[in-house]
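Next come the chains, spelled out residue by residue.
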Amino acid sequence: MADNPNPDLDLPEMKGPETAAPAEKPKRKGVKRRIFLIGSALVVGGGVFGVWWTDSSARARGNSLIGGEGKSAFGSVVTIAEDDTVTVFSPHIDFGQGSQTALGQMLADELDAAWDKVTIEQAPADLAFANTALAKGFLPSMAGDFAAGLLPDAVIGIMARSMPLMITGGSSAVRFTGELAMRRTGAAVRAALVAEAADRLGVPESELTTADSKVAHAKSGRSLRYGELAAGAAERSLSSDPVLKTREQWKLIGKPVPRRDIPAKVDGSAVYGIDFKLPEMRVATIAAAPVRGGKLQSVDEAPALAVKGVEKVVKLDDAVIVVAKGYWPAKKGLEALSPQFSDGGHAAISTPAIYAAQAKLIDGGKPDGAFGEGDVDAAFGSPGAKLVEAEYRVPFLHHAMMEPFALTGHFKDGTLHLWGGLQDPLTTRSRAAKAAGLEVDQVVFHPMIMGGGFGRRFPDIVEIIDQVAVLAKQVPYPVKLVWSREEDVTHGTYRCQSLAKLKGCVKDGKIAALRIDYAQGDSAEGEVPFIYDLPATSRRHFAYRTNQIDGPWRSVNATQLGFYTESFMDELALAAGEDPYQFRRKHLAPGGRHLKVLDEVAKRSGWGSPLPEGVGRGIAIVESFGTIVAEVVEAGVKEDGSPKVLKAFAVVDCGTTVNPLNADAQIMGGLIMGLSSAIGEAVTLDKGAVVQSNFSDYPILKAADAPPAVDVHFIESGAKTGGIGEPGLPPASPALANALAAATGKRMRNLPLLTQAKA
């Protein structure tokens, strides 16, 4: 038995490796560290020459997998066919975020390809397509810009393959893959095409121009299509530092291009993992131990086998699976069973107990990490300082994917094939191989589009991979395992439950010092920037874990840290007798990006203008994933006491907006998701088990309760490109809480707000 990681909570001892829950960390949280360690080992031990050969071999393999008769491959990223068709291969999975189209725009713009001849496909789940651009993008935040710049691309490439790295998450597709891979590859291929055309036409490269998939020589009136030049250009070495277009030269970047994935999703021809079928395929469903960490003790298989269509019952250490000729007989067979599970020693865990233990942990004053500047304690005790203290709480949050988990496996001739939608194809292969007792080369993963993800589909925290790998080896036919909605809700890897205690003091209308103490699994330091300029700050993390797996949830730690900080900023403004907007202005750098975003959202929302009685206006600003977002919410209270959002405004500085049409949708979707989680969403625990089981008791914001419209505006600052899929979410909850406080005079510090409003 392992030591209880939270000795202040009167619980039985938490189990160790067999539960996996407390020890596991989401993949996205560990990417930076793994890149740094692997890179250091390679530079010290392998030498650049050996690494370069491995890198070039990987590119050759990648080109062989996507190239073929009649089409030439470049950099394992793009092919050009003889008929001028350009196919862009994205290492990122499509789960509704629209990044595939944006990546295609970025490459096609630099390539000067005709957009109507461009298609975008999913890159194969092969090590040759490990995402070097992600490794390169994360490196500066780990090792610093100077140190990161010392590593050759070849070294970074083998780092990506060693991890292996092919994730979709962290709002990284456009800002890393787009900027560092797609644009550069497009520009390098265009240069190779121009060089090939110059040789064929016998003219200087400087006299040639490119447009619409052609290289033209104006003086002679001659031109060559890309399809004619591709084979020869593919024999040339691509520049590792090509000349990129300036903003003024862009033709596709920054344009509201319709997304390529939408038509198939509208007409129903798009195939998700839950839709996938194979001849002779069976369908299975599963029931795992209600308490995470519990084990299957016993089950009588006979009642399930008596159900028509049921063929097999499979027992796992912590679950039971029923295999049938279809989903409904499998579900009926499962419902006929009465499996007995242990509670893993976690029966004393409950939501109130967790909050109590987190508060006691903070009061103990022994943080696992402490950051900040200045002497906050001295400032708190200074003459004339007005102290403000508050405690905030946020619950576990479910990812609520539209498509529950569905993964198909077929073990045949020594090879395990898998079909489904997950956020990292390469790690999916590795995890499946380990579970099945196979080598990685014996596993083939076929990535599919996903019906939502929000961080839940990272393979490191996806149990269905193990389940299907084990199941597929026990049956002679293909089998698709489908989690019911109830299984999906009760066995999630949730956004962590977290508690924070904030203390600040104001003096002469400004903040003199601020301390943020928060208890949760992982630290947010280095992930969520602290944007305000204060004389003294202290940010302390107190590590706390339960039997649940803390998983990355859309915008990760920026959700709770954003709620804590921006709600408390309004409390400090009230103590100082200042307007919340003007109060924030005082603590932001003059002329900086943050101030411009804040000013613009205040202007667009009509900040300071009269509001109807019973309506309040709230403001919040949060930076995450390299993007700054400020939001204003107008809200009131319905007759039943629940919040009603009337208007919402968002202003965004992501540096460059690659596709405004899709970016607008992403910010709007993030804001709505933030409002939904703030108003009514919560996963609670009782006796170690999740209480909620479906959307009936885990309410998602309905269209009728959403703001009628969301005003979204982008500031094209030209700063380093930031993410777009996640940053719209964090400011929503504090902006709403601040609006309700303004409307009612009552500060609600615990989420979800609906629970407090009806209390």
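Preceding this paragraph is the structure being described.
Residues numbered from 1 in each chain as written. Predicted model: local features only at pLDDT ≥ 70, side-chain atom pairs only at ≥ 80, totals over all residues. Heavy atoms only, no water.

> Teacher, can you tell me more about the overall build of the protein here?
Within the protein one finds 21 helices and 27 strands. Here the C-alpha radius of gyration of the protein, 27 Å, is about what a compact globule of 759 residues would show, namely 27 Å. Oriented by its inertia axes, the alpha-carbon framework of the protein measures out at about 80 × 70 × 55 Å. Taken over 759 residues, the protein has a buried fraction of 60%. The contacts of the protein with a sequence gap of at least 6 include a subset with a gap of at least 24, amounting to 76%. Summing over all exposed atoms, the protein offers an accessible surface of approximately 29,300 Å²; the carbon and sulfur share of this is 54%. Taken as two groups, the 82 positive and 88 negative side-chain charges of the protein have centres that lie 1 Å from each other. (Helix = DSSP H or I, 4+ residues; strand = E, 2+ residues; numbered from the N terminus. Rg over C-alpha atoms; globule rule 2.2 N^0.38 Å. Buried < 20%, exposed > 50% of the residue type's maximum accessible area, 1.4 Å probe, protein only. Contact = heavy atoms within 4.5 Å. Areas by Shrake-Rupley, 256 points an atom, 1.4 Å probe, with all protein chains shown as cover. Lys, Arg positive; Asp, Glu negative; His and termini not counted. Charge placed at Lys NZ, Arg CZ, Asp CG, Glu CD.)

> Any chance you could explain the pattern of salt bridges here in plain terms?
Side chains that differ in sign of charge can pair as their charged atoms come close. For the structure on display, the rule yields 46 salt bridges. In this structure, Arg183 and Glu179 form a salt bridge, with 3.1 Å as the shortest nitrogen-oxygen distance. You can see Arg183 and its partner Glu179 sitting in helix H6 (residues 173-201), four residues apart, about one turn around the helix. For the pair formed by Arg183 and Glu179, the shared burial category is buried. The shortest N-O distance in the salt bridge between Asp711 and Arg604 comes to 2.9 Å. Remark: Arg604 occurs in helix H18 (residues 593-605) and Asp711 occurs in strand E27 (residues 710-714); sequence separation between them is 107 residues. Judged by its relative accessible area of 33%, Arg604 is partly exposed. Connected via shared salt-bridge partners are Asp94, Arg259, Asp261 and Lys265. (Salt bridge = Lys/Arg side-chain N within 4 Å of Asp/Glu carboxyl O.)

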